[in-house]
Amino acid sequence: MRSPHSGSFAVDALLLLTLNLLNALFRRRQVFRHGAAQLGDGLSDLPANLIVGLIGLFLASNIFAAQLFVCLRSAEQVSSQLGAAHVIKNLLVFLDNHDTSRFYLNEEATQNIDRYKQALVFLLTTRGIPQIYYGTEILMAADKANGDGLLRCDFPGGWKNDPRNCFNEANRTPQQNEAFTYMQKLLQWRKGNEVIAKGRLKHFAPNKGIYVYERKYGNKSITVLMNGTDKTQTINLTPYKEVLPTTSAHDVLTDQNIDLSKNLTLPGRGMLVLEF
């Protein structure tokens, strides 16, 4: 963008849409070493420490079946050209935007709010800069197949003659308020959280629909556990001990203390965001 002070141009941001990236990932092999996911040799055109391998696996395992697009090309190449090594850690991640179908395609789909909650937890705790499209907080739905205009409908409210104002809690449905409150709590917790903003990512191959990953910065860490199935599962925590440094931890989502000294049971689509 052009600087109003110097008159010179500088790069403020990059938006690289690689919508065919996930299809390419599904055709190429993945390897896992020491329990942590890494990309195979078939992905030599992409930097191995990026989140793309995770996204492909996550979608393929149908943990929340989201349309999670990652805005990237070869970040290493971009970083080299711009002289900005921080680009890799500052990738933009999002569930939807003005050019894609919304996370929910129709009103009927919004009844499955557990899908929404899993998607938000992942979006707001994985590496990168999260982008949230307006209306996501009240479960706005639209299918690109019905035209781009529907993807960009006005948010209900904010103007004098609007028949409904969803900026006010009283004008939102109970389900919309549940979604709104859930997002608000996560965002307030995330604000100023250096572990999420700056921490490194370590993640494990999804096992029977269970997905575990850690964000760590300095001597603090956050570990997320997700049950991507509709059935209750009991998890043997032994393989994850390296990201569970204590025998108990505070769960951000429920504000409860979780016992990690024995096997852990997660309900269908259940999640934990543990602080250490």
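Residues numbered from 1 in each chain as written. Predicted model: local features only at pLDDT ≥ 70, side-chain atom pairs only at ≥ 80, totals over all residues. Heavy atoms only, no water.

Below, the discussion takes up the sheet that holds strand β13 (residues 271–275). With respect to topology, six strands assemble into an open sheet ordered β6-β7-β8-β13-β10-β11, the strand pairing being antiparallel. The strands lining the two open edges of the sheet, one partner per strand, are β6 (200–203) and β11 (256–259). Taken over all neighbouring pairs, the strand axes of this sheet differ in orientation by 30° on average, direction set aside. With four bridges connecting them, strand β10 (residues 248–251) and β11 associate as antiparallel partners. Looking across to β11, one finds that H250 is bridged to N257. Where helix α4 (residues 113–125) meets the sheet, it contacts β7 (210–217), β8 (220–227) and β13, and its direction lies at approximately 155° from that of β8. (Pairing = 2+ DSSP bridges. Helix = DSSP H or I, 4+ residues; strand = E, 2+ residues; numbered from the N terminus. Axes fitted to C-alpha atoms, helices over the stretch in contact; angles between N-to-C directions. Contact = heavy atoms within 4.5 Å.)

Moving on: the environment of E107. Positionally, E107 belongs in the loop between β4 (92–94) and α4. The exposed category is assigned to E107, whose relative accessible area is 53%. Between the alpha carbons of E107 and M140 there is a distance of 7.8 Å; along the sequence they are 33 residues apart. (Buried < 20%, exposed > 50% of the residue type's maximum accessible area, 1.4 Å probe, protein only.)

A full pass over the atoms with the stated rule returns seven aromatic pairs. Relative to Y134, the ring of Y133 has its centre 4.7 Å away and its plane inclined at 70°; by these criteria the two rings are edge-to-face. Residue Y133 is classed as buried on the basis of its relative accessible area, which comes to 10%. Overall, Y134 belongs to the partly exposed group, its relative accessible area being 31%. Feature note: the residues F122, Y211 and Y213 constitute an aromatic cluster, connected by ring pairs. Its end group placed over the ring of Y134, R102 keeps NZ or CZ at 4.9 Å from the ring centre. Taking NZ or CZ as reference, R172 lies 3.9 Å from the ring centre of F180, over its face. (Phe/Tyr/Trp six-rings, centres within 6.5 Å; stacked < 30°, edge-to-face > 60°. Lys NZ or Arg CZ within 6 Å of the ring centre and 35° of its normal.)

This brings us to the pairing of β7. Where burial is concerned, most of β7 is hidden: six out of the eight residues are buried. Pairing of β6 with β7 involves four bridges; the strand directions are antiparallel. Residue pairing for β7: L201 is matched across the bridge by R215. The turn joining β6 and β7, which pair antiparallel and follow one another in sequence, is formed by six residues; a positive phi near 55° is taken by K208. Judged from the eight bridges that link them, β7 and β8 form a sheet pairing that is antiparallel. Counterpart to E214 in the pairing with β8 is T223. Hairpin connection from β7 to β8: two residues lie between these consecutive antiparallel strands, with G218 at a positive phi of about 65°.

Working definition: two side chains of opposite charge can pair if their charged atoms are close together. Tallied over the full model, the rule gives nine salt bridges. Note that K185 and D255 form a salt bridge whose closest N and O atoms lie 3.3 Å from each other. You can see K185 sitting in helix α6 (residues 174–190) and its partner D255 sitting in the loop between β10 and β11, a full 70 residues away along the chain. Judged by relative accessible area, which is 36%, K185 ranks as partly exposed. (Salt bridge = Lys/Arg side-chain N within 4 Å of Asp/Glu carboxyl O.)

Looking now at the packing of α4 against α6. Taken N-terminus to C-terminus, the directions of α4 and α6 make an angle of 15°; their axes are 11 Å apart at the nearest point. Classified by the angle their axes make, α4 and α6 are roughly parallel. The chirality of how α4 crosses α6 is right-handed. Along its contact with α4, which presents I113, Y116, K117, L120, V121, L124 and T125, the element α6 presents Q175, E178, A179, Y182, M183, L186, L187, W189 and R190. (Parallel < 35°, antiparallel > 145°, perpendicular 65-115°, else oblique. Left-handed = near helix turned anticlockwise from the far one by under 90°.)

Our focus in this paragraph is the nonpolar core. Among the nonpolar cores identified, the biggest contains 30 residues, and Y116, V121, L186 and V273 are the most heavily contacted of them. Of all the secondary-structure elements, those providing two or more residues to this core are α4, α6, α7 (194–198), β7, β8 and β13. Discounting residues that sit within four places of it in the chain, V273 has contacts with V121, W189, I222, T223, V224, H250, D251, V252 and L253. (Core = buried A, V, L, I, M, F, W, Y, C linked by side-chain atoms within 4.5 Å.)

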